[in-house]
Structures are given as C-alpha cells and as structure tokens.
Amino acid sequence: MRWALALALVVVVAVGIVLWRDPFLLVRGEFERQRLAAGLSRSSVVVDGHRWVYAERAADAADAPTLVLVHGFTGSKENWYPLARALGGRYRLLIPDLPGWGQSERKPGAVYGFGEQAAHVDAFIRALSPGRPVVLVGHSMGGGIAALVAARHPRDVAAVALLDAAGVRFKDNQFGLDVLAGRNPFAVEDEASLQRYIDIVFHDARAKPWLPWPASTALIRKRRADAAFEQGVLARIGRSEESLLPGEEAARIRQPALLLWCRQDAVIDPSALELYAARIPQARKVLLDGCGHMSLMERPQAVAEALVALAGDTQGGAR
C-alpha cells in the first residue's frame with residue numbers, strides 16, 4: 001500500500017511538473033486526438049513567402065474533389081476537425097492555418113486583410129492542387145476570403161461555400177456595433193473575458209471547447225500577446241473600406257455556391273445570408289436552428305450534408 005501511494009505521489013508530481021512547463025499540453029493533446037480521429041495528418045509547406053502548417057487527408061477515391069477549409073478570425077485549422085470527421089473519406093481535405101494565425105508563419109509588419117489573405121489562399125490552392133480546381137469553404141473571416149478567391153480566381157475554385165461569412169453590412173448586433181466602435185469583442189484578457197468570448201461564438205453549450213486549468217491560463221496569456229495583432233486585422237476586415245469588399249465582389253461569383261448560417265449567430269447576423277444571396281443568386285441557402293457562429297463545430301453533420309450537396313453540383317449531380 002505504501003509503495004502504491006508513493007508511486008501515485010510521484011506520478012502526480014511528474015504530471016504537475018509537465019503541466020507547469022507546458023500548460024497548453026492538455027489542449028494540444030485533445031487537438032491531436034481529434035486530428036487522429038478524423039484521419040488527418042499534419043504537414044507544412046512554404047507558399048507565397050510564408051510557412052504554412054496544415055492538416056490533410058486523402059480521399060477514398062483518387063478522383064474525388066478537393067476541399068480547402070479556411071478558418072475565421074482568431075480561429076485555426078483545429079476548428080474544422082469535427083467537420084472533417086463528419087465528412088468521412090469522401091474528399092481530399094486541405095485545412096490550413098492562415099498566414100499570421102495558428103501554427104503558420106506571421107511576418108512582422110505584414111498585412112493580413114481580406115485582399116492579402118485571398119492572394120495567399122489562391123497561391124496555396126495552386127501549390128497543393130495544381131491544375132485542379134477545389135471546393136473552397138470559408139468560415140467567418142475565412143468566408144470573406146473565400147468569396148474574394150472565388151470571384152478573382154474562378155479557374156482555381158470549382159465551387160464555394162460561405163459559412164457565417166463576414167464581408168457584408170448585416171443587421172446591427174452588439175458584436176458589430178462594438179467592432180465599428182473600435183473594440184475587439186473577441187479580446188481575451190482574463191477568465192471572465194475568455195468565457196465571454198466562448199459564449200459569443202457558441203450557442204450550443206454541448207459544443208463549447210474544453211479548457212481546463214492550466215490550459216485556460218496559457219490561452220489567456222497567448223491571446224493577450226496577440227491583442228495588437230488581432231486589433232490590427234479587425235481594423236482592416238471590420239471597419240475599413242476593405243470590410244465590405246467580399247460582398248461587393250461576390251456578384252462576380254459564377255460557380256456553384258452554398259450560403260450556410262445559424263439562426264442564433266451573435267457574431268455575423270443571419271441577415272448576412274440574404275445579402276450574400278442577392279449577389280450570388282445561384283447559391284444554395286441553408287439556415288440551421290439551435291446553433292451560433294460556430295456552425296462547423298456545433299452542427300458538423302448538417303454542414304457536412306450541405307457540402308456533399310454542393311460538391312455534387314461540381315460532378316454533374318453525383319453524390
């Protein structure tokens with residue numbers, strides 16, 4: 001019994017030391033579990049002057065479409081893992097951290113607005129899917145980027161999906177008013193603001209991420225360090241002349257398209273769906289109930305079904 005208690009104490013102390021040295025280890029471990037469960041591998045590549053880190057998975061069939069999934073503001077490739085698992089092996093998946101975000105390279109003084117990121121994403125598509133157009137899927141800020149890529153580089157994009165996408169002047173909500181007033185509603189400075197951030201983007205409590213101590217402390221520290229970067233990006237995509245560029249250029253999108261929102265989105269109000277639909281009349285429209293801004297995490301199965309239908313439009317109706 002004494003040996004068992006001593007061994008248990010050693011294990012507890014060892015775990016404590018490891019977490020003290022690397023408090024984000026628990027979250028990274030959970031991300032790794034999700035990545036492996038979705039059958040994804042991790043890769044990196046240098047494209048358009050940046051080192052990209054991305055997750056990828058081959059399709060079951062060699063001729064299956066390639067889906068490129070682009071995350072939103074303060075997001076990362078890991079946001080897409082539940083959806084990747086729901087999609088199964090139907091498609092080749094490429095899921096990058098955008099330049100400046102996640103594990104991809106951030107260059108001091110570089111600009112990461114809609115226009116710059118659209119150029120980066122198109123270069124990524126050309127490098128990873130040369131000569132073969134992709135189904136481009138963007139969420140939130142990533143939706144605005146995807147709209148620009150589809151409009152400006154139609155040869156590289158066979159179809160485009162905009163999920164809860166930024167880039168149009170939607171009906172006023174508290175998030176939008178805060179952005180226009182110069183604030184960052186996603187700013188994280190302490191435990192209370194971290195919880196507020198999570199509550200803004202998620203409506204379904206079951207989908208809210210697990211952030212145990214000390215991982216929450218590590219995340220707060222990282223978000224504090226990123227505060228100036230986040231504010232600089234938000235100033236361009238949220239309140240400059242560039243903020244409505246995706247919606248303006250969306251009228252040039254001729255490819256099959258999907259517009260998907262959640263009715264309880266407290267970030268990009270669902271009125272944005274119809275604003276985009278007026279510019280992309282051929283788009284399928286899907287409005288989900290019981291979820292917020294993170295449709296890809298709150299309703300991955302429903303989003304997967306909508307993407308399967310969209311990809312089928314590029315294959316002569318095949319499903």
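It should be noted that the structure appears before, not after, this text.
Conventions we followed
- Residues numbered from 1 in each chain as written.
- Predicted model: local features only at pLDDT ≥ 70, side-chain atom pairs only at ≥ 80, totals over all residues.
- Heavy atoms only, no water.
- Pairing = 2+ DSSP bridges.
- Helix = DSSP H or I, 4+ residues; strand = E, 2+ residues; numbered from the N terminus.
- Axes fitted to C-alpha atoms, helices over the stretch in contact; angles between N-to-C directions.
- Contact = heavy atoms within 4.5 Å.
- Disulfide = S-S within 2.5 Å.
- Buried < 20%, exposed > 50% of the residue type's maximum accessible area, 1.4 Å probe, protein only.

(A) View of the sheet that holds strand S1 (residues 41–47). As summarised here, the arrangement of the eight strands in space is S1-S2-S4-S3-S5-S6-S7-S8, forming an open sheet in which the pairing is mixed. Two strands in the sheet have a free side with no partner beyond their single neighbour: S1 and strand S8 (284–288). For this sheet, the mean angle separating the axes of adjacent strands, direction not counted, is 20°. Two strands pair when backbone bridges link them, and strand S3 (residues 66–70) and strand S4 (residues 92–96) are joined in this way by three bridges, in the parallel orientation. The residue of S4 that forms the bridge with Leu67 is Leu93. Sheet strands in contact with helix H11 (residues 271–279) are strand S6 (157–163), strand S7 (257–262) and S8, and its direction is about 165° off that of S7.

(B) Quick peek at the state of the cysteines. Under the definition given, this model contains one disulfide. Bridging Cys262 to Cys291, the disulfide has an S-S length of 2.0 Å. The sign of the -90° torsion about the S-S bond sets the Cys262-Cys291 disulfide as left-handed. One end of the pair, Cys262, is in strand S7; the other, Cys291, is in the loop between S8 and helix H12 (295–298), and 29 residues separate them in sequence. Judged by relative accessible area, Cys262 falls into the buried class, the value being 0%. On the basis of relative accessible area, Cys291 is assigned to the buried category, the value being 0%.

(C) Highlighting the pairing of S7. Counted residue by residue, S7 has six buried out of six residues, so it is predominantly covered. Alternating residues of S7 divide into Ala257, Leu259 and Trp261 and Leu258, Leu260 and Cys262, and every residue in both groups is buried. For S6 and S7, the ladder comprises four bridges, and the chain directions are parallel. Across the sheet, Leu163 pairs through a bridge with Leu260, a residue of S7. Judged from the five bridges that link them, S7 and S8 form a sheet pairing that is parallel. In the sheet register, Trp261 faces S8, and the bridge partner there is Leu287.

(D) Geometry of the pairing of strand S2 (residues 50–57). For S2, the tally of buried residues reaches six of eight residues, placing the bulk of the element in the interior. Pairing analysis gives seven bridges linking S1 to S2, with the strands arranged antiparallel. Of the residues in S2, the one forming a bridge with Val45 is Trp52. Taking the residues between adjacent antiparallel strands as the criterion, S1 and S2 are bridged by two residues, where Asp48 takes a positive phi near 55°. Summarising the sheet, S2 and S4 pair through four bridges and their orientation is antiparallel. If you follow Arg57 over to S4, its bridge partner there is Leu93.

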